[in-house]
Amino acid sequence: MSEKSNVEFSEREALLFHSYGRPGKIEIVASKPMATQRDLALAYSPGVAVPVKAIAEDPAKAYDYTAKGNLVAVISNGTAILGLGNLGALASKPVMEGKAVLFKRFADVDSIDIELDTEDVDKFISAVEIMEPSFGGINLEDIGAPACFIIEQTLKERMNIPVFHDDQHGTAIISAAGLINALHLTGRDIKNARMVVNGAGAAAIACTELIKAMGMPHDNVIMCDRKGVIYQGREEGMDQWKSAHAANTDARTLEEALSGADIFLGLSAAGALEPSMVMEMAKQPIIFAMANPDPEITPPEAKEARPDAIIATGRSDYPNQVNNVLGFPFIFRGALDVRATTINDEMKIAAAQAIAALARQQVPEEVAAAYGTSHSFGPDYIIPAPFDPRLMEIVPAAVAQAAMDSGVARLPILDMDEYRHTLKARLNPTTSVLTLAYEQARAQPRRVLFAEGEEEVVMRAAIQFRDGGYGVPVLVGRDDVPDRLRALGVEDPESIEYHNSRNSPLVPQMVDYLYERLQRRGYLRRDCERLVNQDRNIFAALLLELGEADVMITGVTRQYSQSLSQVMKVIDPAAGRRPFGIHVLVGKHHTVFMADTTVNERPSPELLADIAEQTAAVARRMGHEPRVAFLSYSTFGNPSGNWLENIREAVALLDARGVSFEYEGEMAPDVALNPRLMENYPFSRLSQPANVLVMPGLQSANLSAKLLRELGGDHVIGPMLIGMEKPVQIATMSAAASELVTLAVLAAGGIAR
């Protein structure tokens, strides 16, 4: 229903997010190589003539030779934008781009936004209808009622591809999933339950129609609008869609309708459901208060009136969020994969049942960690978490099966087990784990020290960290930090904590602590006083060591090795460990972990083996089963050289340790990553290409990481510092604010440790 979040941000930050770099949120990327004249000849003239002729002979070939089969149009005229109203087609573009991003992020569906500047229903229908050759599906969005009913129904009748108005059916599917589980928990049968719907707009009517299609009798539902109960014989404010749900009842007000009712389904306005009304409902009332952005009644208010109630809202800061992102990406995924001609009731019900069943399963650790508690099926968990990684596997498969069973699939799936496997492989699990890490940070906020606090990029990171709800930023900087924050648009700079050694009451304690550590390493007391008073990294590290914060971030003003040396004057490595760095390369379908890229110049065999084990542990924490390759210029002795014994001894050490992951070496990078080259070595212990690369030395590792950051197409995270006693992360001097926030979140959540 609602995609509203409890995350806070300023208007300025939202505008900067949409404007920095390339304006907007989407771009077109070629899926085939375009480097040579031959590539261009194949992509366009004359090569393109071949698929053109094939499609002209058989239109179904368009799904084989073009992007049509994975392409959805997100279309609006801006007449009902979020909760903002009719602001016009152009103003809807940021929302439609956002919808396109969600399609890609959650279900690997390509989509393009189209804004039609008309409120004329016939013109809108005509414009969309003639675009059928371009797309595999149409997602209608933010179109006001009753036009949305006419537009969707007409397009479904005229077009031979799925047409889906998410504001109606997305909300209906997710609320139906929650209702299935609420009925289960309260021992009710949908055929006997009584429901009151408050609101008669597009979403409310769609919810009512789907719940009736699932088995609730027409006579068991009373719908209300601003004028009261929609009853048989009412004439005021009626239309054909309301009339279809008119009830045979003497009730005329919401309060009268709710007396003894089992279910309240609200898609109306904040405060519409009063506690006194809740008290008149049946035992264990089911309340879905989904008004956006504020519900008809808040869960605390409803629980105070009826402690036995089961409550869902559209908000992420309360349990049981009715969030459309649980549905539409995966519904289209399943529909596209069987080339469905429509999205029918059977497919919607299958999606609702699959989502409901997922909530009843044991919650995986990563989802539980994201929300700071071990969720289990019950009154406060009737709808799965939006970032549950299992949604991608379960919901599209259910939708595809329903499409086949109901006869609207043009490309049946013959092996559903294999299809589920391909669904899991479509998305990189790192994206889900990173999202979960951010959610965990919100659930368990930490105090994070940003050591170079007067730098603009650091202050921006601190602002994002605070406004994102990830924890409490603590800036270490000069006295003018508040003025600098104000210049960046922070209206209340005093709300962001900052520390300076000039006026910190902790300085004497810090000097004592540091002198005790360093007095036998050539430091006089006055040297320690100078370090505490003049070096931000030393001062920040001491704040961390003394328990004034939970995490420390630094690195944007000094070379990595210099920052690490300063931190290690205060903080030791974890017991039995040597610190090292990992760069994480995140692509569309893959993640590769590269270590050690920052610390150890020529690792010993023991250290190489340790790095392999600890990097494998990080990979697992980020959702990957590790496959480790010890990299070299040589592959299994060819060519021979002088630096291979360290690697071979490291492999032997892992043999002796009996580790629980795959590993192999020595291997050249192309062999480790290219399955075709790997076929030349059938004795290799790697079942698939490596995803953990242990580098032979710092020179090659650091050069490779920096080249990939500057030239590669992957998103690069890191370096992440691993193996310190306290959570410390050292960024690169070129790090952006968002990268600093990511490092802080990964450190606070225990992924980088």
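Residues numbered from 1 in each chain as written. Predicted model: local features only at pLDDT ≥ 70, side-chain atom pairs only at ≥ 80, totals over all residues. Heavy atoms only, no water.

### Observations regarding the overall build of the protein chain
Part 1: Regarding its fold elements, the protein chain presents 31 helices and 21 strands.
Part 2: Here the protein chain has a C-alpha radius of gyration of 29 Å; the compact-globule value for 753 residues is 27 Å, and the two agree.
Part 3: For the protein chain, the spread of C-alpha atoms along the principal axes amounts to about 95 × 70 × 45 Å.
Part 4: Expressed as a percentage of the 753 residues in the protein chain, the buried residues total 54%. (Helix = DSSP H or I, 4+ residues; strand = E, 2+ residues; numbered from the N terminus. Rg over C-alpha atoms; globule rule 2.2 N^0.38 Å. Buried < 20%, exposed > 50% of the residue type's maximum accessible area, 1.4 Å probe, protein only.)

### Some details on the packing of helix α8 (residues 166–185) against helix α9 (residues 202–213)
Part 1: Relative orientation of the contacting elements α8 and α9 amounts to 50 degrees, with a least axis distance of 8 Å. In this view, α8 runs oblique relative to α9, as classed from their interaxial angle. Two packed elements cross with a definite hand, and for α8 against α9 that hand is right-handed. Residue-level contacts link Asp167, Gln168, His169, Thr171, Ala172, Ile173, Ser175, Ala176 and Leu179 of α8 to Ala202, Ala203, Ala206, Cys207, Leu210 and Ile211 of α9. (Axes fitted to C-alpha atoms, helices over the stretch in contact; angles between N-to-C directions. Parallel < 35°, antiparallel > 145°, perpendicular 65-115°, else oblique. Left-handed = near helix turned anticlockwise from the far one by under 90°. Contact = heavy atoms within 4.5 Å.)

### Observations regarding the environment of Arg188
Part 1: Of note, Arg188 is situated in the loop between α8 and β5 (195–198).
Part 2: Residue class for Arg188 comes out buried when judged on its relative accessible area of 18%.
Part 3: Distance from Arg188 to Asp262, taken between C-alpha atoms, is 9.0 Å for residues 74 residues apart in sequence.
Part 4: Of note is the side chain of Arg188, whose polar atom sits 3.1 Å from the side chain of Thr186.
Part 5: Separated by 2.5 Å, the side chain of Arg188 and the backbone oxygen of Lys283 make a polar contact. (Polar contact = N/O pair within 3.5 Å; in protein donor to acceptor, adjacent residues only side chain to side chain.)

### Notes on helix α7 (residues 147–158)
Part 1: Here α7 is 12 residues long and its end C-alpha atoms lie 16 Å apart, about the 16 Å a rise of 1.5 Å per residue gives.
Part 2: Within α7 the residues assigned to the buried category are Cys148, Phe149, Ile151, Glu152, Thr154 and Leu155.
Part 3: For α7, the elements touching its buried residues are α6 (121–129), β3 (137–140), β4 (163–165), α8, α9 and α10 (240–243). (Expected span 1.5 Å × (residues − 1).)

### Structural notes on the nonpolar core
Part 1: Ile75, Val128, Ile138, Leu140, Ile173 and Met347 are the most contacted members of the largest nonpolar core, which has 107 residues in total.
Part 2: Top contributing element to this core by residue count: helix α17 (residues 391–405), with 10 residues.
Part 3: Each of domain 1 (33–167) and domain 2 (169–406) contributes no fewer than three residues to this core.
Part 4: Beyond its immediate stretch of four places on either side in the chain, Ile138 contacts Val72, Ala73, Ile75, Val128, Met159, Ile161, Pro162, Val163, Phe164 and Phe332. (Core = buried A, V, L, I, M, F, W, Y, C linked by side-chain atoms within 4.5 Å. Domains from an automatic or database assignment.)

### Some details on helix α14 (residues 328–337)
Part 1: The element α14 is largely enclosed, with a buried count of 10 among its 10 residues.
Part 2: Turning to α14, its buried residues number three or more, namely Phe328, Pro329, Phe330, Ile331, Phe332, Arg333, Gly334, Ala335, Leu336 and Asp337.
Part 3: Taken from the residues just after α14, Arg339 is the one with a positive phi, measuring 50 degrees.

### A short note on the sheet that holds strand β17 (residues 627–631)
Part 1: Here we have 6 strands laid out as an open sheet, ordered β18-β17-β19-β16-β15-β20, and mixed in their pairing. Either end of the sheet is taken by a strand with one partner, and the two such strands are β18 (662–667) and β20 (715–722). Put simply, the sheet's adjacent strands are angled 20 degrees from each other on average, direction ignored. (Pairing = 2+ DSSP bridges.)

### Overview of the domain arrangement of the protein chain
Interface extent is often summarised as the accessible area lost during association of the parts.
Part 1: When cut into domains, the protein chain gives domain 1 (33–167), domain 2 (169–406), domain 3 (440–569) and domain 4 (580–720).
Part 2: Using only C-alpha atoms to locate each centre, domain 1 and domain 4 end up separated by 42 Å.

### Quick notes on the side chain of Arg558
Part 1: Relative to the assigned elements, Arg558 resides in the loop between β14 (551–554) and α25 (560–567).
Part 2: Side-chain polar atoms of Arg558 contact the side chain of Asp535, separated by 2.9 Å.
Part 3: Polar contacts involving the side chain of Arg558 include one to the side chain of Gln566, which spans 2.8 Å.
Part 4: If near-sequence neighbours (up to four positions away) are discounted, Arg558 is found in contact with Glu452, Asp535, Arg536, Asn537, Ser563, Gln566 and Met733.

### Re the pattern of salt bridges
Part 1: Applying the stated criterion to the full structure yields 38 salt bridges.
Part 2: Between Asp535 and Arg558 there is a salt bridge, with its nearest N and O atoms 2.9 Å apart. In this pair, Asp535 is assigned in the loop between α23 (525–534) and α24 (536–545) and Arg558 in the loop between β14 and α25, connecting sequence segments 23 residues apart.
Part 3: Among the residues examined, Asp535 registers a relative accessible area of 11% and is labelled buried.
Part 4: Note that Arg657 is salt-bridged to Glu613, the shortest N-O span being 2.6 Å. Of this pair, Arg657 sits in helix α27 (residues 645–657) while Glu613 sits in helix α26 (residues 605–621), and the two are 44 residues apart along the sequence.
Part 5: Classification of Arg657 by relative accessible area gives partly exposed; the value is 34%.
Part 6: Here Glu613 falls in the partly exposed class, since its relative accessible area comes to 31%.
Part 7: In this structure, a network of salt bridges that share partners links the residues Lys104, Asp108, Asp110 and Arg426. (Salt bridge = Lys/Arg side-chain N within 4 Å of Asp/Glu carboxyl O.)

### Brief notes about empty space enclosed by the protein
Where empty space is left becomes clear once a probe the size of a water molecule has been rolled over the atoms.
Part 1: Evaluation of the coordinates by the stated rule reveals 1 cavity of 30 Å³ or more.
Part 2: Lining the largest cavity, in full, are Phe450, Ala451, Glu452, Val458, Ile553, Thr554, Val556 and Leu740.
Part 3: Class assignment of the residues belonging to the lining of the largest cavity gives a composition of 6 nonpolar, 1 polar and 1 charged. (1 Å grid on protein atoms, 1.4 Å probe; cavity = no way out; pocket = protein on both sides within 12 Å on 5 of 7 lines; lining within 4 Å. Points joined across faces, edges and corners; volume = space filled by probe spheres on them. Nonpolar A, V, L, I, M, F, W, Y, C, P; charged D, E, K, R; others polar.)

### Here we look at the UniProt feature "binding site: NADP(+)" (unreviewed entry) in the protein chain
Part 1: The sites that carry the UniProt feature "binding site: NADP(+)" (unreviewed entry) are, in the present numbering, Ile81, Leu82, Gly83, Leu84, Gly85, Asn86, Leu87 and Gly88.
Part 2: By the element assignment, Asn86 lies in the loop between β1 (71–76) and α5 (93–107).
Part 3: Setting aside its immediate chain neighbours within four residues, Asn86 contacts Gly78, Thr79, Ala80 and Glu119.
Part 4: A polar side-chain atom of Asn86 sits 3.4 Å from the main-chain amide nitrogen of Gly88.
Part 5: Assignment of secondary structure puts Leu87 in the loop between β1 and α5.
Part 6: Apart from the residues within four sequence positions on either side, Leu87 is in contact with Gly78 and Ile81. (UniProt positions renumbered as here; feature names shortened; annotations may be inferred.)

### As for unusual backbone geometry
Note: most peptide bonds trans; most residues except glycine with negative phi.
Part 1: Going from Ala145 to Pro146, the amide bond is cis rather than trans, its omega being 5 degrees.
Part 2: Of the consecutive residues Asn638 and Pro639, the connecting peptide bond is found in the cis state with omega at 0 degrees.
Part 3: The phi dihedral of Asp142 falls on the positive side, at around 50 degrees, and the residue is not glycine.
Part 4: Here Asp142 shows up in the loop between β3 and α7.
Part 5: We note that Asn320 has phi near 60 degrees; this positive angle belongs to a residue other than glycine.

### Details of the environment of Glu132
Part 1: On the secondary structure map, Glu132 appears in the loop between α6 and β3.
Part 2: Separated by 80 residues in sequence, Glu132 and Val52 have C-alpha atoms that sit 17 Å apart.
Part 3: From its side chain, Glu132 meets the backbone nitrogen of Asn160 in a polar contact 3.1 Å long.

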